[in-house]
Amino acid sequence: MKKCAIYSRVSTAMQAEVEYNSCEAQRDKILSYIKSQEDLEVYKEYSDPGFTGSNLERPALKNLLNDIAQGKVQAVLTYKIDRLTRSSKDFYALIEFFEKHGVSFVSVPERFDTSSPSGRLLRNIMLTFA
């Protein structure tokens, strides 16, 4: 079983309170995905409500990266790629960090999964155009 981290984020306090867009709604959708998989179990949930995705200065994200560096997490799941970051430069840096530590990244509705060959191909295509 892979120990996975759930990461959720919204930019504003107002978004955090909107039912369909809240960190809780993101979490619920990710948990549904995890339940449909046989090789994933939740290690920990990380949430940054009210933090911008334009930089990496977020407390829960920093905790997640620390746990990855300590080998506690094998997969990171988000509701969408832009919940992880809105910066392509930061996205590629995070993916590189994940790979360095053997961590796969899954964006649930976008079917972006770096643990699969097609997900790695998509990642490589995205990196080529960066």
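Refer to the structure printed above.
Please read these numbers as outputs of a predicted model, since none were measured by experiment.

Colleague: Describe the overall build of the protein chain, and please don't skip the residues or the numbers.
Modeller: Looking only at helices and strands, the protein chain features six helices and five strands. What you see in the protein chain, going N to C, is helices and strands ordered as β-α-α-β-α-β-α-α-β-β-α. Within the protein chain, the proportion of its 130 residues that are buried is 41%. About 7,100 Å² of surface is accessible on the protein chain, with carbon and sulfur atoms providing 52% of the total.

Colleague: Pulling in residues and values, what's your account of the nonpolar core?
Modeller: Formed by 19 residues in total, the largest nonpolar core has its most connected members in Leu64, Ile68, Val76, Leu84, Phe98 and Phe105. The set of elements that each furnish at least two residues to this core consists of strand S1 (2-10), helix H3 (59-69), helix H4 (81-84) and helix H5 (88-100). Setting aside residues no more than four positions away along its own chain, leucine 84 makes contact with Tyr7, Arg58, Leu61, Thr78, Phe91, Leu94, Phe98 and Phe105.

Colleague: Give me the pairing of S1: which residues, what numbers.
Modeller: Within S1, seven of the nine residues are buried, which leaves it mostly tucked inside the rest of the structure. Direction of pairing for S1 relative to strand S3 (residues 75-78): parallel, over a ladder of four bridges. By the bridge assignment, alanine 5 is partnered in S3 with valine 76.

Colleague: With reference to specific residues and values, describe the environment of serine 8.
Modeller: For serine 8, the position within the fold is in strand S1. Of the residues examined, serine 8 reaches a relative accessible area of 4% and is grouped as buried. Sequence spacing of serine 8 and isoleucine 30 is 22 residues, and the spatial spacing of their C-alpha atoms is 9.3 Å. Sequence-distant contacts of serine 8, defined by excluding residues within four places in its chain, comprise Cys23, Gln26, Tyr46, Ser47 and Asp48. Within the structure, serine 8 has its side chain in polar contact with the side chain of serine 47 (distance 3.1 Å).

Colleague: Describe H5, listing the residues and the values that go with them.
Modeller: Helix length check: H5, at 13 residues, gives a terminal C-alpha distance of 18 Å against a target of 18 Å (1.5 Å per residue), a fit within 8%. The first or second residue beyond H5 is glycine 102, which carries a positive phi of 70°.

Definitions and cut-offs
- Residues numbered from 1 in each chain as written.
- Predicted model: local features only at pLDDT ≥ 70, side-chain atom pairs only at ≥ 80, totals over all residues.
- Heavy atoms only, no water.
- Helix = DSSP H or I, 4+ residues; strand = E, 2+ residues; numbered from the N terminus.
- Buried < 20%, exposed > 50% of the residue type's maximum accessible area, 1.4 Å probe, protein only.
- Areas by Shrake-Rupley, 256 points an atom, 1.4 Å probe, with all protein chains shown as cover.
- Core = buried A, V, L, I, M, F, W, Y, C linked by side-chain atoms within 4.5 Å.
- Contact = heavy atoms within 4.5 Å.
- Pairing = 2+ DSSP bridges.
- Polar contact = N/O pair within 3.5 Å; in protein donor to acceptor, adjacent residues only side chain to side chain.
- Expected span 1.5 Å × (residues − 1).

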